[in-house]
Amino acid sequence: MKRLFSILAIMCFVAFGTANATTSAISSANAVVTSIQDEVADDTAAEESLGFHQELKKRFIEGGPGFMGIVLLCLILGLAIAIERIIFLNLSSTNTKKLTQDVEDALQSGGVEAAKEVCRNTKGPVASIFYQGLDRTDEGIDAAEKAVIAYGGVQMGQLEKNVSWISLFIALAPMLGFMGTVIGMIQAFDKIQAAGDMQPSLVAGGIKVALLTTVFGLIVAIILQIFYNYIIAKIDSIVNDMEEASITLMDLLIRYKK
């Protein structure tokens, strides 16, 4: 009877110990799984938190410093010229109707010298054209008209100064990108030839890097094209104001001579 109780006691002890060991093992396994899930979640969150600028920088570095640096230089120079032109064109904009009315009032009240003084105190190509026309009034209407036309061409040249460089960079950036892509593809095929086997992993990285130059070249061209179109539209607007104001000035001078 004592032996039976002893056997039962041993069996209970072994069963209790096994249960504790199993519980401990399950707890440890759960802790490991939870830790792995947390690490994966942290890595995923870190990848998601990678901003646009960091991703752009990463891709730029992957593209290689050679052609990517030249494309970046095109963007910097193109933006510098575009910003300079935008500032210049905005400063060249004039309220043509107000200027015309001021010149007309000055002609009626103080004559040509008063009108020239109004033009001297006003910025912009329209005021400069008015001044040149008024300055030739003593030589006749024909001389004033020729002066307005000639100086209008000079002012138009100043408005369009350096704009051709922006169009050059717009064309150059994607061409440089395509060249980088072609060179990268040639290098990828060289690797295939050297290895003697067509392995995707052997050339995938090289092809990806080659295509990045094209992507960045197109991005630069798109950005500069937007600025270029705005500048051209602004120049056209100012030129139209100049032509309309020149016709109005001739009418004013004809009435003043009468």
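Residues numbered from 1 in each chain as written. Predicted model: local features only at pLDDT ≥ 70, side-chain atom pairs only at ≥ 80, totals over all residues. Heavy atoms only, no water.

Per an unreviewed UniProt entry, the protein carries the name MotA/TolQ/ExbB proton channel family protein and comes from Bizionia myxarmorum. In its Sequence similarities (unreviewed entry) section, UniProt records this for the protein: "Belongs to the exbB/tolQ family." (UniProt positions renumbered as here; feature names shortened; annotations may be inferred.)

J.: Is there a simple way to explain the overall build of the protein in this structure?
T.: A count of helical and extended segments in the protein gives 8 helices and 0 strands. When the helices and strands of the protein are placed in sequence order, the string is α-α-α-α-α-α-α-α. Once local pairs closer than 6 in sequence are excluded, the contacts in the protein between residues at least 24 apart make up 79%. (Helix = DSSP H or I, 4+ residues; strand = E, 2+ residues; numbered from the N terminus. Contact = heavy atoms within 4.5 Å.)

J.: What am I meant to see in the packing of aromatic side chains here?
T.: What characterises a pair of aromatic rings is the spacing of the ring centres plus the angle enclosed by the ring planes. This structure, assessed with the given rule, holds 1 aromatic pair. With centroids separated by 6.5 Å and ring planes inclined at 35°, the aromatic side chains of Trp 165 and Phe 169 adopt a geometry described as tilted. Pair noted here: Trp 165 and Phe 169 are both in helix 7 (residues 163–195), with a separation of 4 residues, about one helical turn. (Phe/Tyr/Trp six-rings, centres within 6.5 Å; stacked < 30°, edge-to-face > 60°.)

J.: Got a minute to help me understand the side chain of Thr 100 in this structure?
T.: In this structure, Thr 100 sits in helix 4 (residues 96–120). Relative accessible area serves as the criterion here: at 12%, Thr 100 is assigned to the buried category. Here Thr 96 takes part through its backbone oxygen, which lies 2.8 Å from a polar atom of the side chain of Thr 100. When neighbours within four sequence positions are excluded, Thr 100 is seen to be in contact with Phe 130, Thr 248 and Leu 252. (Buried < 20%, exposed > 50% of the residue type's maximum accessible area, 1.4 Å probe, protein only. Polar contact = N/O pair within 3.5 Å; in protein donor to acceptor, adjacent residues only side chain to side chain.)

J.: Whenever I open this one, helix 4 confuses me. Can you help?
T.: Within an α-helix, residues lying three or four positions from one another point in the same direction, as the helix has 3.6 residues per turn. An ideal rise of 1.5 Å per residue puts 36 Å on 25 residues; helix 4 reaches only 15 Å between its terminal C-alpha atoms. Bending of helix 4 peaks at approximately 140° at the position of Gly 110. (Expected span 1.5 Å × (residues − 1). Bend = angle between axes of the 7 residues up to and from the residue.)

J.: Looking at this structure, how should I read the nonpolar core?
T.: Side chains of nonpolar character tend, in soluble globular proteins, to be buried together. Val 103, Phe 130, Leu 134 and Ile 231 are the most contacted members of the largest nonpolar core, which totals 40 residues. Mapped by element, the contributors of at least two residues to this core are helix 3 (65–92), helix 4, helix 5 (125–135), helix 6 (141–159), helix 7 and helix 8 (200–257). (Core = buried A, V, L, I, M, F, W, Y, C linked by side-chain atoms within 4.5 Å.)

J.: I tried to follow the environment of Ile 86 on my own but got confused; where do I start?
T.: Mapped onto the secondary structure, Ile 86 falls in helix 3. Among the residues examined, Ile 86 registers a relative accessible area of 17% and is labelled buried. Those residues within four positions of Ile 86 in sequence are excluded, and the remaining contacts are Phe 227, Tyr 230 and Ile 231.

J.: Would you mind showing me how to read a nonpolar patch on the surface here?
T.: Among the surface-exposed residues, Phe 178, Leu 218, Ile 222 and Ile 226 lie close enough to one another that they form a single nonpolar patch of about 400 Å² accessible area. Here the nonpolar patch takes 3 residues from helix 8, the largest share from any one element. Mapped onto the elements, Ile 222 comes out in helix 8. (Patch = residues over 30% accessible without salt bridge, like charges linked within 9 Å, V, L, I, M, F, W, Y side chains within 5 Å. Areas by Shrake-Rupley, 256 points an atom, 1.4 Å probe, with all protein chains shown as cover. Salt bridge = Lys/Arg side-chain N within 4 Å of Asp/Glu carboxyl O.)

J.: What should I look at first to understand the packing of helix 5 against helix 6 in this one?
T.: For any two helices packed against each other, the geometry comes down to the angle between their axes and how far apart the axes lie. With their axes 8 Å apart at the nearest point, helix 5 and helix 6 run at an angle of 150° to one another. In terms of their interaxial angle, helix 5 and helix 6 are classed as roughly antiparallel. For the element pair helix 5 and helix 6, the recorded crossing hand is right-handed. For the pair formed by helix 5 and helix 6, the contact residues are Pro 125, Ser 128, Ile 129, Gln 132 and Gly 133 on the first element and Ala 144, Ala 147, Val 148, Tyr 151, Gly 152 and Gln 155 on the second. Each residue belonging to the contact of helix 5 with helix 6 can be placed in one class, and the counts come to 6 nonpolar, 5 polar and no charged. (Axes fitted to C-alpha atoms, helices over the stretch in contact; angles between N-to-C directions. Parallel < 35°, antiparallel > 145°, perpendicular 65-115°, else oblique. Left-handed = near helix turned anticlockwise from the far one by under 90°. Nonpolar A, V, L, I, M, F, W, Y, C, P; charged D, E, K, R; others polar.)

J.: Would you mind showing me how to read the environment of Phe 178 here?
T.: Tracing the backbone through its elements, the reader meets Phe 178 in helix 7. Along the backbone, Phe 178 and Ala 210 are 32 residues apart, and their C-alpha atoms lie at a distance of 8.6 Å. Once you skip the residues sitting within four places of it in the chain, Phe 178 turns out to touch Thr 214 and Leu 218.

J.: Whenever I open this one, the confidence of the model for the protein confuses me. Can you help?
T.: Interpreting fine coordinate detail is not advised for predicted regions of low pLDDT. Residues of the protein with pLDDT of at least 70 account for 70%, and the chain-wide mean is 76. Per-element averaging of pLDDT across the protein places helix 1 (residues 2–48) at the bottom with 43 and helix 3 at the top with 89. Confidence over residues 1–26 falls short of pLDDT 50; this stretch has 0 contacts with residues more than four positions distant or in other chains. Considering only residues more than four positions removed or in separate chains, one finds that residues 39–49, a stretch of pLDDT under 50, has 0 contacts. (pLDDT = per-residue confidence, 0-100.)

J.: Teacher, can you tell me more about the pattern of salt bridges here?
T.: Think of it this way: side chains of opposite charge can pair up when their charged atoms draw near. This model, assessed by the stated rule, comprises 6 salt bridges. Between Asp 102 and Lys 98 there is a salt bridge, with its nearest N and O atoms 3.1 Å apart. In this pair, Asp 102 and Lys 98 are both assigned in helix 4, 4 residues apart and thus about one turn of the helix distant. Judged by relative accessible area, which is 27%, Asp 102 ranks as partly exposed.

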